[in-house]
Amino acid sequence: MAPRQGGKLKEGESDRRRATIAVIGGSGLYQMDGLTDVENVRVKTPFGDPSDAIILGTLEGRRVAFLPRHGRGHVISPTELPSRANIYALKSLGVERIISVNAVGSLREDIRPQDMVIPDQVIDRTKNRVNSLFEGSGVVVHCGFADPFCADLSGLLYKAARRTHSRTHRGGTYIAMEGPLFSTRAESELYRSWGGSVIGMTVLPEAKLAREAEICYASLSCSTDYDCWRPEHDDVTVEMVISNLLKNVAVAKGVLRRLIAKLPAERTCGCASALKNAIVTARDSIPARARRDLTLLLGKYVQ
C-alpha cells in the first residue's frame, strides 16, 4: 500500500489532544477505567488507519492515550495488525512511552497462569510482518536492538506490578510467534530448550517499531496457560486464555494506574535518540517523499 501523508496534529492543537504515555491493550483489555476528560481521536498515518480510534483521557493527573490493539470487539488477528500505523499514530500524538499489555503462555514451571511477567529479551519467530517504519521508503535504518525493551520503563513497570500483584516476575525471554494457531508440542519444547520464558503473538514488531520511533516500550505480559508442554496441564484453548486473562485485567489496570502516577516527566534512557546514529542512507539520497511522509521520524536528523 502506498503511504499517505498525515498523522501529525496541526500546530496549535490543545494539550488535551496530546499524551506522552500510551497503553496498548491486548486480549481482554479493550478500555481503561478511570479516564476523565475523554476524547476519541482518529489519526491518519502514512501507513493507513490504526487498529481503532485512540482514546485520550486523564488518569492520575497525566494525559494518557489508550489503543485497543485488536480493535474493540477483537476483530484483528495478530498477523493482520496495522502495527506501523499504530506506532506512528501514537508518535504523532506526542507519545514517548508505551506500555504493552498482552496475553502469553508460560514456558517455565515457576511462571503460573495469572502471573505477571516483565520480559527483558525477545526471540522473533514471526514470518509475515513488516518490521520497520522505513521499509519501502528509500531510507535504510539500523537501530540497536540488543535490549529490545526499555530498561528504565521496564524497571518502573516491575515495581508497580510487584506492589500490585505479588506473583510478578522480572526479566525473561518472550518468544514472539506468528500465530494465529497456538504452538505444537515440539515447538513448545524447542522454545523451552532455548530458555524461553513466555510465548505470545504481539510484542513484535511493536517493540522494533517503537525503537525506530524513539519511543520507550515495555511489556506487561499476563500468563494465561502453560502452552502445551506440561503433560499434567490441559492444552491451551481460547476459553482458557480468555478466562485467565479476564481475571488478570483488574490487576493489569491497577498496575497501570500505579505506574502512570509514578512516571517521571523526563526520560534519561537512550530510546529518545535511537535514530541519531542509525540512518545509513546519505542525506542527499533520501527521497523527497520520505522526507515529506516521514518527517515526524526523520525531522530531527534530516533537514
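The rules behind these values
- Residues numbered from 1 in each chain as written.
- Predicted model: local features only at pLDDT ≥ 70, side-chain atom pairs only at ≥ 80, totals over all residues.
- Heavy atoms only, no water.
- Buried < 20%, exposed > 50% of the residue type's maximum accessible area, 1.4 Å probe, protein only.
- Helix = DSSP H or I, 4+ residues; strand = E, 2+ residues; numbered from the N terminus.
- Pairing = 2+ DSSP bridges.
- Lys, Arg positive; Asp, Glu negative; His and termini not counted.
- Salt bridge = Lys/Arg side-chain N within 4 Å of Asp/Glu carboxyl O.
- Contact = heavy atoms within 4.5 Å.
- Core = buried A, V, L, I, M, F, W, Y, C linked by side-chain atoms within 4.5 Å.
- Patch = residues over 30% accessible without salt bridge, like charges linked within 9 Å, V, L, I, M, F, W, Y side chains within 5 Å.
- Areas by Shrake-Rupley, 256 points an atom, 1.4 Å probe, with all protein chains shown as cover.
- Charge placed at Lys NZ, Arg CZ, Asp CG, Glu CD.
- Phe/Tyr/Trp six-rings, centres within 6.5 Å; stacked < 30°, edge-to-face > 60°.
- Lys NZ or Arg CZ within 6 Å of the ring centre and 35° of its normal.

S.K.: If you had to explain the pairing of strand 1 (residues 21-25) to someone new, which residues and values would you point to?
M.R.: Burial analysis of strand 1 places 5 of its 5 residues in the buried class, the great majority of the element. Burial along strand 1 is two-sided: the face carrying Ile21, Val23 and Gly25 and the face carrying Ala22 and Ile24 are both buried. Summarising the sheet, strand 1 and strand 4 (residues 62-68) pair through 5 bridges and their orientation is parallel. Among the inter-strand pairings, alanine 22 is bridged to a residue of strand 4, identified as alanine 65. Sheet topology places strand 1 next to strand 5 (residues 97-106); 4 bridges connect them, and they run parallel. Along strand 5, the bridge assignment pairs isoleucine 21 with arginine 97.

S.K.: Would you mind going over the side chain of arginine 62 in detail, with residue names and values included?
M.R.: Of note, arginine 62 is situated in strand 4. For the buried arginine 62, no salt bridge is present, and the opposite-charge side chain at shortest range is glutamate 96, 7.4 Å distant. When neighbours within four sequence positions are excluded, arginine 62 is seen to be in contact with Ile21, Gly57, Arg97, Ile260, Leu263, Pro264 and Ala265.

S.K.: Please set out the environment of glycine 195 residue by residue, giving values where relevant.
M.R.: Mapped onto the fold, glycine 195 is located in the loop between helix 3 (185-193) and strand 10 (198-200). Considered as a pair, glycine 195 and leucine 107 are 88 residues apart in the sequence and their alpha carbons are 8.5 Å apart.

S.K.: Would you mind going over the pairing of strand 5 in detail, with residue names and values included?
M.R.: Where burial is concerned, most of strand 5 is hidden: 10 out of the 10 residues are buried. Across the two faces of strand 5 the burial is the same, with Arg97, Ile99, Val101, Ala103 and Gly105 and Ile98, Ser100, Asn102, Val104 and Ser106 all buried. In this structure, strand 5 lies alongside strand 11 (residues 216-225), joined through 9 bridges in parallel fashion. Paired with valine 104 across the two strands is serine 223, which belongs to strand 11. As judged from the 2 bridges shared by strand 5 and strand 10, these two strands associate in the antiparallel manner.

S.K.: Any details on the nonpolar core? Residues and values, ideally.
M.R.: Membership of the largest hydrophobic core comes to 49 residues, with the highest contact counts inside it found for Ile54, Ala65, Leu90, Ile98, Phe134, Val139 and Leu297. Those elements giving two or more residues to this core turn out to be strand 1, strand 3 (54-59), strand 4, helix 1 (83-92), strand 5, strand 9 (173-177), helix 4 (203-212) and helix 7 (295-298). In this structure, Ile118, Ala218, Leu220 and Leu245 belong to the second largest nonpolar core, which totals 33 residues.

S.K.: Give a detailed account of the environment of cysteine 271, specifying residues and quantitative values.
M.R.: By the element assignment, cysteine 271 lies in the loop between helix 5 (238-262) and helix 6 (288-293). Distance in space between the C-alpha atoms of cysteine 271 and aspartate 115 is 28 Å, their sequence separation being 156 residues. Once residues lying within four places of it in the same chain are set aside, the contact partners of cysteine 271 are Cys150, Arg211, Glu214, Ile215 and Cys216.

S.K.: Lay out the pattern of salt bridges in plain terms, naming residues and giving numbers.
M.R.: Side chains carrying opposite charge are able to pair once their charged atoms draw close together. In the structure shown here, the tally under the stated rule is 17 salt bridges. Among the ionic pairs, aspartate 52 bridges to arginine 42, the shortest N-O distance being 3.8 Å. Taken as a pair, aspartate 52 in the loop between strand 2 (36-41) and strand 3 and arginine 42 in the loop between strand 2 and strand 3 lie far apart in primary sequence, 10 residues in all. As a salt-bridge pair, arginine 69 and glutamate 206 come within 2.7 Å of each other at their nearest N and O atoms. On the criterion of sequence distance, the pair formed by arginine 69 in the loop between strand 4 and helix 1 and glutamate 206 in helix 4 is long-range, its members being 137 residues apart.

S.K.: Could you give me a rundown of a positive patch on the surface, with the residues and numbers involved?
M.R.: A cluster of basic side chains, namely Lys159, Arg163, Arg170, Arg258 and Lys262, defines a positive patch on the protein surface. Those elements that place two or more of their residues in the positive patch are helix 2 (151-164) and helix 5. Counting through the fold element by element, arginine 170 comes out in strand 8 (residues 168-170).

S.K.: Account for the packing of aromatic side chains, naming residues and giving values.
M.R.: Tallied over the entire structure, the rule returns 4 aromatic pairs. With a centroid separation of 5.5 Å and an interplanar angle of 55°, the aromatic rings of tyrosine 191 and tryptophan 194 are classed as tilted. What makes tyrosine 191 buried here is its relative accessible area of 4%. Of note, arginine 192 hangs over the ring of tryptophan 229, and the distance from its end group to the ring centre comes to 3.7 Å. In this structure, arginine 230 packs its charged tip against the face of tyrosine 226, placed 4.4 Å from the ring centre.

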